Amino acid sequence: MIYLVCFGISLLLIKIKVKGKGDMVVDFIALLIPCILAGLRADTVGTDTADYPLTMYNLALTNTYLDYMDTQFMHMWVLDYVRDMGIGYASFVYVIANISGDFGMLLFFTHVVIVFSIYGAVKNVCKEKYVWIGMMIFYLLFYNVSLNAIRQWMAMAILLYAYTEFLDKKRIWILYAAVGISFHSTAICGLLVFLLYLIFDKIDIPKIRFDRINKISGSWLIIISVIAVGIYFLTHMEIVRYMIQMMSLADFLNYFQGAIKFSIKRFVLEIPLVMLCLINWKYFEDDKDKYFVLLFSMVNMMLSQLNTMNVLAWRISAYVSMFTVIYFPKCVQTCKDKGKRILETVAVGIYGFVHWSYYYVILNAHGTLPYKFR
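First, a word on scope: everything that follows refers to the structure included in this document. (Residues numbered from 1 in each chain as written. Predicted model: local features only at pLDDT ≥ 70, side-chain atom pairs only at ≥ 80, totals over all residues. Heavy atoms only, no water.)

With that out of the way, let us pick up unusual backbone geometry. That bond from Leu369 to Pro370 is cis: its omega, -5 degrees, falls within 30 degrees of zero. Among the structural elements, Pro370 can be located in the segment after α17 (338-362). Positioned with a positive phi, Lys169 is a non-glycine residue whose angle comes to about 60 degrees. If you trace the backbone, Lys169 turns up in the loop between α8 (150-167) and α9 (173-183). Within the chain, Asn364 stands out as a residue other than glycine whose phi angle is a positive 50 degrees. In this structure, Asn364 sits in the segment after α17. (Helix = DSSP H or I, 4+ residues; strand = E, 2+ residues; numbered from the N terminus.)

The structure is reproduced here in structure tokens:
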């Protein structure tokens with residue numbers, strides 16, 4: 001499989017850099033490999049590739065910028081204005097199309113934004129020797145879907161990088177987040193993780209003593225409360241839809257139509273991060289850190305059930321699941337036992353491979369197989 005070969009070479013080069021046998025050029029080459037793979041693909045690889053990206057590319061070549069933004073085209077069986085595809089993404093397409101005059105270059109630079117943003121985010125959060133694990137998770141869990149949900153993954157990647165700047169308390173995260181949202185308005189959903197972290201970072205809930213229970217930490221109270229609220233809303237989606245309407249976000253309603261049906265498959269696919277966090281519980285040096293990772297992994301597991309509502313709902317849960325790219329390696333790096341850490345790394349790799357094989361090979365989700373060159 002050309003995907004696995006490219007993933008393997010890219011990860012090997014990143015590890016070579018970590019071992020001191022290379023420099024930034026090696027990293028650069030490693031990250032270019034998946035970008036080149038994306039740029040050389042035929043427009044039949046990725047369900048959406050021949051839809052709005054190709055149409056917008058052709059419109060960008062034959063119109064002035066303002067006329068291009070005002071042009072309507074058929075997208076998902078309805079007429080949309082180019083500007084409605086996100087000002088950021090529409091402008092990106094216009095610039096690349098008119099500079100390069102090649103659709104493959106548009107696909108290439110799309111993944112330059114995605115891959116380099118993901119790499120930057122993982123590197124900001126994790127120790128350098130574990131960055132390759134985060135990239136492995138991205139390649140095996142998300143790379144193929146990024147060949148389909150193109151502008152959404154651009155938004156997600158930029159938002160993920162914004163999150164790492166947010167963790168470092170750098171105000172520039174606001175700019176990055178705004179750019180991400182300009183590519184796809186649904187990126188606002190990813191701010192949920194920012195909010196969850198803010199709750200842990202800013203709210204100091206004292207321990208509470210109950211009659212027959214020992215002290216319960218404030219962190220556990222937050223986790224229990226968030227999970228309880230999450231379960232309530234997941235089982236009362238009509239309230240969620242009403243809130244969306246009240247917030248004048250009617251465009252989001254299509255993502256929340258239908259009813260949730262509990263899926264054991266989704267539960268099994270998302271529980272590994274919860275288990276990894278608990279296995280390394282005693283190794284976390286920062287208490288708030290370990291409680292937050294646990295909360296995040298459980299919220300991610302809950303929201304994965306949204307995928308059972310309709311064919312579009314996964315696009316919302318993806319804004320939370322993308323953060324696993326930084327939290328898998330973060331959990332592994334906390335382990336102080338070298339032998340155990342190696343086993344965990346192997347287990348994460350197997351998990352990623354099984355996920356990739358099931359979704360992208362067996363189910364052919366997002367239409368990325370077989371890979372075809374232009």
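Now, onward.
Counting residues in hydrophobic clusters, the biggest one holds 135 residues, and the most contacted among them are Met135, Phe138 and Tyr163. Those residues in contact with Met135, other than ones at most four positions away along the chain, are Leu11, Ile14, Leu31, Val115, Ile118 and Tyr119. (Core = buried A, V, L, I, M, F, W, Y, C linked by side-chain atoms within 4.5 Å. Buried < 20%, exposed > 50% of the residue type's maximum accessible area, 1.4 Å probe, protein only. Contact = heavy atoms within 4.5 Å.)

Glancing now at the state of the cysteines. Think of a disulfide as a covalent bridge from one cysteine sulfur atom to another cysteine sulfur atom. Throughout the structure, instances matching the rule amount to 0 disulfides. For Cys6, which is in no disulfide, the shortest distance to another cysteine sulfur is to Cys35 and amounts to 11 Å. The class of Cys6 is buried, set by a relative accessible area of 13%. Here Cys277 is not disulfide-linked; the sulfur of Cys331 is the nearest cysteine sulfur, at 4.9 Å. Residue classification places Cys277 among the buried residues on the basis of a relative accessible area of 0%. (Disulfide = S-S within 2.5 Å.)

Here helix α2 (residues 24-39) crosses helix α7 (residues 131-146) at 10 degrees, and the two axes come no closer than 12 Å. Here α2 lies roughly parallel to α7, going by the angle between them. Counting all contacts with α2, which are made through Ala30, Leu31, Pro34, Leu37 and Ala38, the residues of α7 involved are Met135, Tyr139 and Tyr143. In terms of residue class, the contact of α2 with α7 is made up of 8 nonpolar, no polar and no charged. (Axes fitted to C-alpha atoms, helices over the stretch in contact; angles between N-to-C directions. Parallel < 35°, antiparallel > 145°, perpendicular 65-115°, else oblique. Nonpolar A, V, L, I, M, F, W, Y, C, P; charged D, E, K, R; others polar.)

Take the pairing of strand β1 (residues 72-75) next. Side-chain alternation along β1 places Phe73 and His75 on a buried face and Gln72 and Met74 on a face that remains uncovered. Bridging between β1 and strand β2 (residues 78-81) involves 4 bridges; their strand directions are antiparallel. Within β2, the residue paired with His75 across the bridge is Val78. (Pairing = 2+ DSSP bridges.)

What follows covers a nonpolar patch on the surface. A cluster of nonpolar residues, Ile342, Val346, Ile350, Phe353 and Val354, forms a patch on the protein surface that exposes about 460 Å² of accessible area. Inspection of the secondary structure puts Ile342 in helix α17. (Patch = residues over 30% accessible without salt bridge, like charges linked within 9 Å, V, L, I, M, F, W, Y side chains within 5 Å. Areas by Shrake-Rupley, 256 points an atom, 1.4 Å probe, with all protein chains shown as cover. Salt bridge = Lys/Arg side-chain N within 4 Å of Asp/Glu carboxyl O.)

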